[in-house]
Amino acid sequence: MMASSYNAKEEDGHHSGASGPGGGGAIKSKKPDNTAFKQQRLPAWQPILTAGTVLPAFFVIGLIFIPIGIGLFVTSNNIKEFEIDYTGIDMSSPCFNCSQTYSWNSTKPCMCSVPFTLDQPFESNVFMYYGLSNFYQNHRRYVKSRDDSQLNGDKSSLTNPSKECEPYRVNEDKPIAPCGAIANSLFNALQDTLELFYNNPNGSLTPIDLSKKGIAWWTDKNVKFRNPGGSNSNLTAVFQGTAKPVNWRKPVYELDSDPDNNGFINEDFIVWMRTAALPTFRKLYRIIEKKNNLIPTLPRGNYTLRVTYNYPVRSFEGHKRMILSTISWMGGKNPFLGIAYITVGSVCFFLGVVLLIIHHKYGNRNNSADIPN
């Protein structure tokens, strides 16, 4: 009795940390609190993967994904698209002379006309794109080379652009507006313009009406991009004291005669400033609106694409394209999504069949082996 009492007191002394001569105070216990969370007694659900749960999941995924993929693929194939490469690499190309002689230092534009034929009519609204390849808009230095405050109409940024715009920040001791490498390489400011004509049977050309309104995102047009003067329509005075980008042939306030599409709110400029993620990309250039439900927007026949060739691409081995395309509820032509759904669904369905065969062949044998004699 004496020993057990001594041991109990000694244990209590260790736990309570009773201080004695030279004692260091209370000793805290490292044992977690006796709660359901800290003692890991909370209820949990751990799924048990059996043939009865895995096999139906594979078949269900396959039966859902395959029809969706077929629908997406058929919808994408129903979108009509026509593409012309007018870079002028081949000697037989109408734009060959322009591609060989034109450079950034050229002062006179080069004109070329590319004939083509549409075998099928384009019924609904037609979207006209320009495409570039081997043009890396996703380069880190290129993407950062802009001043969003300046583009949003901040007057202080107009006269003192961000240092991120270097080396396209100042030109001839004047701040550049808009500054940066993205704006400096603007496709349309360098006058590489596209015009479309329909070839009449009598040999005359009928110009196709190309709408330049509505090609930019609404948020970009009305929120992200603003002219410094606000409602002031005299952009010449607003941008006084600034310089145009180095590669531009005219200042930003002369991009368009329409005051609602001029300066920083020019839609061609806005579309270009939304950088592409891949080196081969397309950007919306114009919209051909359907005006008569009884007549196709672009009937089948012969057409002519007239190009003002002012955007050289030989220096970076690029290519230039013009694309005519319709759209559907899923957007433009893109068969990848449909192919991806079909592939995933087919793989899941195939795995389901394989696992079903394996389970049917070996499952009963494993179950019988588990039964004791």
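Residues numbered from 1 in each chain as written. Predicted model: local features only at pLDDT ≥ 70, side-chain atom pairs only at ≥ 80, totals over all residues. Heavy atoms only, no water.

**Let's talk about the overall build of the protein**
Consideration 1: Secondary structure assignment for the protein yields 11 helices and 10 strands.
Consideration 2: Across the 373 residues that make up the protein, the buried fraction comes to 36%.
Consideration 3: About 22,700 Å² of surface is accessible on the protein, with carbon and sulfur atoms providing 56% of the total. (Helix = DSSP H or I, 4+ residues; strand = E, 2+ residues; numbered from the N terminus. Buried < 20%, exposed > 50% of the residue type's maximum accessible area, 1.4 Å probe, protein only. Areas by Shrake-Rupley, 256 points an atom, 1.4 Å probe, with all protein chains shown as cover.)

**Brief notes about the packing of aromatic side chains**
Remark: the centre distance and the inter-plane angle together describe each pair of aromatic rings, the angle taken between the planes.
Consideration 1: With the rule as written, the count across this model stands at 18 aromatic pairs.
Consideration 2: On the basis of an interplanar angle of 80° and a centroid distance of 6.0 Å, the ring pair of Tyr130 and Tyr285 is categorised as edge-to-face. With Tyr130 in strand β3 (residues 126-133) and Tyr285 in strand β8 (residues 281-288), this residue pair connects regions lying 155 residues apart in the sequence.
Consideration 3: By relative accessible area, which is 1% here, Tyr130 ends up buried.
Consideration 4: Seen in terms of ring centroids, Phe135 and Phe281 are 6.1 Å apart; in terms of plane orientation they differ by 85°. Their pairing is edge-to-face. One end of the pair, Phe135, is in the loop between β3 and α4 (140-144); the other, Phe281, is in strand β8, with 146 residues separating them in the sequence.
Consideration 5: The class of Phe281 is buried, set by a relative accessible area of 6%.
Consideration 6: Put simply, the rings of Phe225, Phe239, Trp248, Tyr253, Phe264 and Phe269 touch in pairs and so form one group of aromatic residues.
Consideration 7: The ring of Tyr129 carries the charged tip of Arg282 above its face, separated from the ring centre by 5.4 Å.
Consideration 8: Residue placement shows Arg286 over the ring face of Tyr285; its charged tip is 4.2 Å from the ring centre. (Phe/Tyr/Trp six-rings, centres within 6.5 Å; stacked < 30°, edge-to-face > 60°. Lys NZ or Arg CZ within 6 Å of the ring centre and 35° of its normal.)

**Thoughts on the UniProt feature "transmembrane region" (unreviewed entry) in the protein**
Consideration 1: Under the feature "transmembrane region" (unreviewed entry), the UniProt entry names residues 48-74 and 336-358.
Consideration 2: Between the first and last C-alpha atoms of residues 48-74 the distance is 39 Å; the span itself is 89% helix and 0% strand.
Consideration 3: Secondary structure within residues 336-358 divides into 100% helix and 0% strand; the distance between the first and last C-alpha atoms comes to 33 Å. (UniProt positions renumbered as here; feature names shortened; annotations may be inferred.)

**Looking at the sheet that holds strand β6 (residues 193-199)**
Pairing between the strands of a sheet is mediated by backbone hydrogen bonds and can be parallel or antiparallel.
Consideration 1: Judged by pairing direction, the sheet is antiparallel, and its 4 strands sit side by side in the order β2-β9-β6-β7 without closing on themselves. With one partner strand each, in any of the chains shown, β2 (110-118) and β7 (205-207) form the two edges of the open sheet. For this sheet the average axis-to-axis angle between neighbouring strands, irrespective of direction, equals 30°. (Pairing = 2+ DSSP bridges. Axes fitted to C-alpha atoms, helices over the stretch in contact; angles between N-to-C directions.)

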